[in-house]
There are 2 protein chains.
Amino acid sequence: MTEIMGNRRTGGREGRRAVRLSHAVERLPFLTRALAPFEVLGDEGLSIIEDNADTLLQEVGIDFRGDAEALRLLASAGADVDGERVRFPRGMCRSIVQASAPRQFTQYARNEANHVEIGGPHTVFAPNYGSPFVRDLDGGRRYGTIEDFRNFVKLAYASPHLHHSGGTVCEPVDVPVNKRHLDMVYSHIRYSDKPFMGSVTAPERARDTVEMCRLAFGADYLETHPVTLSLINANSPLVWDSVMLGAARAYAEANQATLLTPFILAGAMAPVTAAGVAAQTLAEALAGMTFVQLTRPGAPVVMGSFASSMSMQSGAPTFGTPEPALVLYTMASLARRLGVPFRSGGSLTASKVADAQAAYESAATLQPTVLAGVNFVLHAAGWLEGGLAIGYEKFILDADQCGMMAVFVKGVDMSENGQAVEAIIANGPGQHFLGTAHTLANFETAFYRSEVADNNSFEQWEEDGSLDAAQRANAIWKRMLREYEAPPLDPAIDEALLDFIARRKASMPDSEI
Amino acid sequence: MTEIMGNRRTGGREGRRAVRLSHAVERLPFLTRALAPFEVLGDEGLSIIEDNADTLLQEVGIDFRGDAEALRLLASAGADVDGERVRFPRGMCRSIVQASAPRQFTQYARNEANHVEIGGPHTVFAPNYGSPFVRDLDGGRRYGTIEDFRNFVKLAYASPHLHHSGGTVCEPVDVPVNKRHLDMVYSHIRYSDKPFMGSVTAPERARDTVEMCRLAFGADYLETHPVTLSLINANSPLVWDSVMLGAARAYAEANQATLLTPFILAGAMAPVTAAGVAAQTLAEALAGMTFVQLTRPGAPVVMGSFASSMSMQSGAPTFGTPEPALVLYTMASLARRLGVPFRSGGSLTASKVADAQAAYESAATLQPTVLAGVNFVLHAAGWLEGGLAIGYEKFILDADQCGMMAVFVKGVDMSENGQAVEAIIANGPGQHFLGTAHTLANFETAFYRSEVADNNSFEQWEEDGSLDAAQRANAIWKRMLREYEAPPLDPAIDEALLDFIARRKASMPDSEI
């Protein structure tokens, strides 16, 4: 990649490094877990769920709606197609996916230091996705704008704990629906150099995304390097619709990666039980990944699962409850058995503000996310209100938790320094360790340092204004935006992108669908 | 126990049941995990830490201070005693503990429905312990009083998610130090019928606790039934002091249970590294449990670990960081290998208020607590400010999380109803599950229902006053106290207890030490 990108940049490798250093953006690598994943079901239970998914694929089947080409493709691969209903012989989907889908792949970024590995022992954190509203302590809740969008791209770029720029970090509702994807993709390229996601709201918008990536990365490069990872949601239960199939096809044909994610509010789009949600999710995801692998064998796919519980009084989605955590752990195990990367989790909450509910619910999703070994984590920072809003303060608080997870998964340091036996022997009973050689030697890196937590005395905290965590986070995101400096972008690429966007925008009238 | 307790109560078993039902206190059992514990170290790493603990016990030894009887006892068992320094031959402590300490035991409650199992696959949640300050949204932060103490006993009694009444839920600073243990133990007996903890601040206060339990439960009964579980903290590094040894002896001699807990702020009372903290904690706990088993073989002991990280800038303790979680998981594994119940964790935070920091940090402690398989969880509800304060709202928020943990550890329901294959087949693609037979049949128990979380729409939430989680919790604890009704207590026992307390209080002048 260095060579290819070098052609499109000024100053070569050394020049770029100097530029990077001058910006002093702290970068931490994506997570590489030293710990085995936590499992909530053994082989027997997982086999039963796999068998149930096969039963659903065979007996009920999946509707592939409004896409005759998909039906032809699936039929020619051996599926039983009846109208738009597609039934799969037992094991068909699994064997097609296992034959060509990569177990792990690299998603490439503009900056090689920000390439991410999707799969295996790795976990990549990406910000919130899809919220029409934004919230901050100053302005309250309001519709998101392209300025908010750019702000969140900048914050994800500036945060060492997020490894990915995400996709629709918020909906820029001040830009027409049929044109906003152009501004969003441009923002990810222009204001960040971390990897990002493409548009999926219409097949032609996916194709626009691919076209812009060709301008930014080079057309040949794109053919062999996934630079986008885009979110293809099932229309659960048991339906893939034409918009999602069209977008998935556009990305697969360009060898770009997709996340095939059944989005399930248990009790509405699936049964209320964890094993039921898991079987249905697996069936839907298998069918979607099969479509992608048939479209272009080897195109990177990630199996997704988004499952929430619901309030059985109001029907509202609920988050941070134990049942979705059980689904998450189960699906992660199923993805490992299948041999594909897995997406789930995040910092999910139904809370409207960045309060204790928001934090408890987010932690009750993020901890299972990490312990289950999720590979790609959308919504890792910012999510509020069941996804209806992204919060500036919530973003800061969540990113801090992501940072803690990165330390946790490294596990226990069993080096001699880590064991510290000599240090304890040298110290002896009743003597504190504050100034000992071992403590001083490990001072800098001993403990995770939260930027948001207040660990001062009550008196000091009171003197500092008795601020709560959200209030402290408010000051942090403002400072980050103030200090933000854009990563370098070759002016020729920038010009080409802006020209493409101008032509595309001029080619069609504004539309709100 | 039924027979024995029946003699001391009115109305017998049926009468008691009727009384219980009339109070309509919801009771949920302590947790019984269907899930294997999460492990962060394999056998090799754990063996190294055990070996390091043996090295510390042999080469450095432990100071047993101000207790000549303890030194005699340890010497006669084979330890090398030099002044107050006690060195243990390799493996000595382990073999003494394994020879007589129970792997699991029952702590008995006034109400047999509230007996708890300590050890094995069980987890028991007890409230906050030891805070001099209390906080609520109305009154802010202030010193705790005996009224606050009673309030928290009542709240723990009324909460279905706490299985234990705890000990010094807050310090009742309006009662003289040398007399407050009498009022505290009385409050646990009078205002709750869940199991509780005894006083440890002086050996004679431990003996007073035992005496009051004899009055409440019967002297013969006490001899064979642990009704108290009391907190014996090491004076880390590598010291057990006379107060703690005296209290531990008083309880062990009465066959009452003790928690032997090194309380470690890593970097101050131990090295900063997880493996170092673990080796030292194991050494200290082994020495303490050895003392108890030599005092009375078979007296129930729980191995404890309380480890926090620290701010390397200010020296303040920090909570919810990844490093103490790694220690917690490691110590839980070591306790299982030793074969004794384990205490750790809780809902710990350095936050001054029940905000997002408090919730994130608490969750980052409670989740490892539960996944590690901790058997007895002190500080499960209410903790703020590194333990300096207990919060009324925090108590409610934490208890709700404990409730979620109880559901999570049951794992995935793999019954036919749980698998729900027929329900999915019957429904088919594109049809929602809201009114299906399977959903209706599982409606009541499908998902954990939080009492505190707001899952309503933004508009409804706004209409309800835009309350945050702490504000909602405020209304909940007030309602719980308003609706509280004391469990029945035989008036003869009550009179005997009050008489004992009056005599003890009259026997000594007030003292603040």
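Computed from a predicted structure; not experimentally measured.

It is not clear to me how the overall build of chain A should be interpreted in this structure. Could you clarify?
When helices and strands are counted, chain A shows 20 helices and 19 strands. Computed over its C-alpha atoms, the radius of gyration of chain A comes to 23 Å, within 12% of the 24 Å expected for a compact globule of 513 residues. C-alpha atoms of chain A, sized along the principal axes, occupy 75 × 55 × 45 Å. Counting every position in chain A, which comprises 513 residues, the buried fraction comes to 66%. A separation of at least 24 residues holds for 76% of the contacts in chain A among residues at least 6 apart in sequence.

Quick question: what am I supposed to make of the interface of chain B and chain A here?
The accessible area lost on association of the parts is a frequent measure of interface size. On the side of chain A, 113 residues touch chain B, which itself brings 113 residues to the contact. Summing both sides of the interface, chain B and chain A together bury roughly 9,100 Å²; the carbon and sulfur share of this comes to 71%. Looking only at chain B, the three residues that lose the most surface to chain A are Y360, P429 and F447 of chain B, adding up to 10% of its buried area. Remark: the boundary between chain B and chain A carries two salt bridges.

How should the packing of helix α12 (residues 322–338) of chain B against helix α13 (residues 356–371) of chain B be read in this particular structure?
Pairs of packed helices are described in terms of their axes, by the angle between the two and the distance that separates them. All names here are of chain B. At a minimum axis distance of 9 Å, the contact between α12 and α13 shows a crossing angle of 15°. Comparing the axis directions of α12 and α13 gives the class roughly parallel. Every pair of crossing elements has a handedness; the one defined by α12 and α13 is right-handed. Counted together, A325, L328 and Y329 of α12 and A364, T365, Q367, P368, T369 and L371 of α13 form the full contact between these two elements.

What should I look at first to understand the confidence of the model for chain A in this one?
Detailed reading of the predicted coordinates is not advisable wherever pLDDT falls low. All names here are of chain A. Chain-level statistics for chain A give a pLDDT mean of 94 and a share of 95% at 70 or above. The low-confidence segment residues 1–23 (pLDDT under 50) makes 35 contacts with residues lying over four places distant or belonging to another chain. Interface confidence in the predicted complex, given as ipTM, is 0.94; pTM for the same model is 0.95.

I would appreciate a short explanation of the sheet that holds strand β19 (residues 389–391) of chain A in the present structure.
One key point about sheets: their strands pair by backbone hydrogen bonds, in either a parallel or an antiparallel sense. Residues and elements named next belong to chain A. Across the sheet, which stays open at both edges, the four strands sit in the order β9-β8-β19-β18 with mixed pairing between neighbours. Each of the sheet's edge strands pairs with one partner strand only, and the pair in question is β9 (140–143) and β18 (383–384). In this sheet, β19 lies alongside strand β8 (residues 133–136) in parallel orientation, the contact comprising three bridges. Counted as the bridge partner of F133 is A389 from β19.

What's the story with the sheet that holds strand β3 (residues 80–82) of chain B in this structure? I'm lost.
Residues and elements named next belong to chain B. The strand order β3-β4-β2-β11 describes an open sheet built from four strands, whose pairing is mixed. What marks the edges here is a single partner per strand, and that holds for β3 and β11 (239–240). Relative to strand β4 (residues 85–87), strand β2 (residues 62–64) runs antiparallel, the two sharing two bridges. Among the inter-strand pairings, I62 is bridged to a residue of β4, identified as V86. In this fold helix α4 (residues 68–76) packs onto β2, β3 and β4, with an angle of close to 130° to the strand it touches most, β2.

I'm lost on the relation of the copies chain B and chain A in this one. Help?
The operation linking the two copies of the chain is a rotation about an axis combined with a translation along the axis. Under the fitted operation, chain B is carried onto chain A by 0.0 Å of movement along the axis and a turn of 180°, and the coordinates agree to an RMSD of 0.0 Å. Accordingly, the operation relating the two chain copies is best matched by a two-fold axis. The C-alpha atom lying nearest the rotation axis in chain B is that of A356 of chain B; the distance is 2.2 Å.

What is the right way to read the nonpolar core from this model?
As a rule of thumb, nonpolar side chains are buried together in soluble globular proteins. Residues F64 and F88 of chain A together with F64 and F88 of chain B are the most contacted members of the largest nonpolar core, which totals 327 residues. Ignoring any residue separated from it by four or fewer positions in sequence, one finds F88 of chain B in contact with L57, Q58, I62, F64, L74, A79, C93, A287 and T290 of chain B.

Even after reading the chapter, I still don't get helix α8 (residues 203–217) of chain B, so can you show me in this structure?
All names here are of chain B. Relative to the 21 Å expected for 15 residues at 1.5 Å per residue, α8 spans 21 Å between its end C-alpha atoms, a close match to the ideal helical length. By the burial criterion, the buried members of α8 are P203, R205, A206, D208, T209, V210, M212, C213, A216 and F217. Immediately beyond the C-terminal end of α8, within one or two residues, lies G218, with a positive phi of roughly 100°.

Is there a simple way to explain the environment of A335 of chain A in this structure?
All names here are of chain A. Within the element layout of this structure, A335 appears in helix α12 (residues 322–338). Residue A335 is classed as buried on the basis of its relative accessible area, which comes to 1%. As a C-alpha pair, A335 and V302 span 33 residues in sequence and 8.9 Å in three-dimensional space.

Which parts of the structure should I look at to understand the pairing of strand β8 (residues 133–136) of chain B?
Regular strands place side chains that alternate from one sheet face to the opposite one. All names here are of chain B. Neither face of β8 is left uncovered, since the one carrying F133 and R135 and the one carrying V134 and D136 both have all their residues buried. Here β8 pairs with strand β9 (residues 140–143) via four bridges, running antiparallel. Of the residues in β9, the one forming a bridge with F133 is Y143. The hairpin turn running from β8 into β9, its antiparallel successor, is three residues long.

Whenever I open this one, unusual backbone geometry confuses me. Can you help?
Peptide bonds are mostly trans, and most non-glycine residues show a negative phi. Omega for the bond connecting S236 of chain A with P237 of chain A falls within 30 degrees of zero, at 5°, which places this linkage in the cis form. At N255 of chain B, a position not held by glycine, the phi torsion is positive, near 60°. Considering the arrangement of structural elements, one finds N255 of chain B in the loop between α10 (242–253) and β12 (257–265). Judged by relative accessible area, which is 11%, N255 of chain B ranks as buried.

I'm lost on the side chain of D193 of chain A in this one. Help?
Residue and element names in this part refer to chain A. Mapped onto the secondary structure, D193 falls in the loop between α7 (180–191) and α8 (203–217). Polar contacts involving the side chain of D193 include one to the side chain of N111, which spans 3.0 Å. One polar contact links D193 to N114, side chain to side chain, over a distance of 2.8 Å. Those residues in contact with D193 that lie beyond four places of it in its chain are R27, A109, R110, N111, N114, Y157 and P487.

Help me understand helix α7 (residues 180–191) of chain B, please; the structure alone is not making it clear to me.
Since there are 3.6 residues in each turn of an α-helix, residues three or four apart along the chain are aligned in direction. Residue and element names in this part refer to chain B. Here α7 spans 16 Å end to end across twelve residues, near enough to the 16 Å set by a 1.5 Å rise per residue. In terms of burial, α7 is a largely internal element, eleven of the twelve residues being buried. Its buried side turned inward, α7 meets α6 (146–158), α8 and α20 (491–506).

Hey, could you run me through the packing of aromatic side chains in this one?
The description of an aromatic ring pair rests on the distance of the ring centres and on the angle between the ring planes. Under the defined criterion, the tally for this structure stands at 33 aromatic pairs over all chains. Both rings, one in F38 of chain A and one in Y329 of chain A, keep their centres 5.1 Å apart while their planes meet at 75°; by these two values the pair is edge-to-face. One end of the pair, F38 of chain A, is in the loop between β1 (31–32) and α3 (43–60); the other, Y329 of chain A, is in helix α12, with 291 residues separating them in the sequence. A relative accessible area of 4% means that F38 of chain A is categorised as buried. An angle of 35° between the planes, with centres 4.2 Å apart, marks the rings of F152 of chain B and Y392 of chain B as tilted. In this pair, F152 of chain B is assigned in helix α6 and Y392 of chain B in helix α14 (residues 392–408), connecting sequence segments 240 residues apart. Across this residue pair, the class does not change: F152 of chain B and Y392 of chain B are buried.

I would appreciate a short explanation of the pattern of salt bridges in the present structure.
Once their charged atoms are close, side chains differing in charge can pair, the charge on each being opposite to the other. Residue and element names in this part refer to chain A. Counting across every chain of the model gives 54 salt bridges over all chains. Linking R85 and D63 is a salt bridge whose minimum nitrogen-to-oxygen distance equals 2.7 Å. Taken as a pair, R85 in strand β4 (residues 85–87) and D63 in strand β2 (residues 62–64) lie far apart in primary sequence, 22 residues in all. Residue R85 is classed as partly exposed on the basis of its relative accessible area of 22%. By relative accessible area, D63 is classed as buried at 8%. Linked by salt bridges that have partners in common, D43, E50, R94 and R337 make up one network.

Just to check I follow, could you spell out the pairing of strand β10 (residues 229–234) of chain B for this structure?
All names here are of chain B. Burial analysis of β10 places five of its six residues in the buried class, the great majority of the element. Two strands pair when backbone bridges link them, and β10 and β12 are joined in this way by six bridges, in the parallel orientation. Looking at the pairing, N233 lines up with T261 of β12.

Conventions we followed
- Each residue is numbered by its place in its chain's sequence as written, counting from 1.
- Chain labels run from A onward and ligand labels from 1 onward, assigned in the order the entries are written.
- Reporting in this predicted model follows two pLDDT cut-offs: at least 70 for local features of residues, and 80 or more for side-chain atom pairs to be given and counted; totals over whole chains, interfaces and linings ignore these cut-offs and use all residues.
- Side-chain metrics rest on all non-hydrogen atoms present in the structure, leaving aside hydrogens and water.
- Only DSSP runs of H or I reaching four residues or more are called helices, and only runs of E reaching two or more are called strands; each is numbered from the N terminus.
- Only C-alpha atoms enter the radius of gyration, while the globule expectation follows 2.2 Å times N to the 0.38, with N the number of residues.
- Exposed residues in this analysis have more than 50% of their type's maximum accessible area, buried residues have under 20%, and partly exposed residues fall in between, with area computed by a 1.4 Å probe over protein chains only.
- Any two residues whose heavy atoms approach within 4.5 Å at even a single point are treated as in contact.
- Note on terms: buried area is the combined drop in 1.4 Å-probe accessible area of two parts once they are placed together, counting the loss on both.
- We count a salt bridge whenever a side-chain nitrogen from Lys or Arg sits within 4 Å of a carboxyl oxygen from Asp or Glu.
- Only the stretch in contact is used when fitting a helix axis, every axis being a line fitted to C-alpha atoms; angles between N-to-C directions are given from 0 to 180 degrees.
- Note on angle classes: values under 35 degrees are labelled roughly parallel, values over 145 roughly antiparallel, values of 65 to 115 roughly perpendicular, and the remainder oblique.
- Rotating anticlockwise by less than a right angle from the far helix to the near helix defines a left-handed crossing, while the corresponding clockwise rotation defines a right-handed one.
- pLDDT is a per-residue confidence score from the predictor, ranging from 0 to 100.
- Paired strands are those between which DSSP finds at least two bridges.
- Superposing copies: least-squares fit, C-alpha atoms only, residues required to have pLDDT of at least 70 in both.
- Nonpolar core, defined: a set of buried Ala, Val, Leu, Ile, Met, Phe, Trp, Tyr and Cys residues in which side-chain atoms within 4.5 Å join the residues together.
- A helix is expected to reach a length of 1.5 Å times the quantity of its residues less one.
- Polar contact is defined as a pair of N or O atoms within 3.5 Å, subject to the rule that within protein one atom must be able to donate a hydrogen and the other to accept it, and that residues adjacent in sequence are counted only when both atoms are side-chain atoms.
- Pairing of aromatic rings covers Phe, Tyr and Trp, the last counted by its six-membered ring, and requires centre-to-centre distances within 6.5 Å; plane angles under 30 degrees mean stacked, over 60 mean edge-to-face, and any other angle means tilted.

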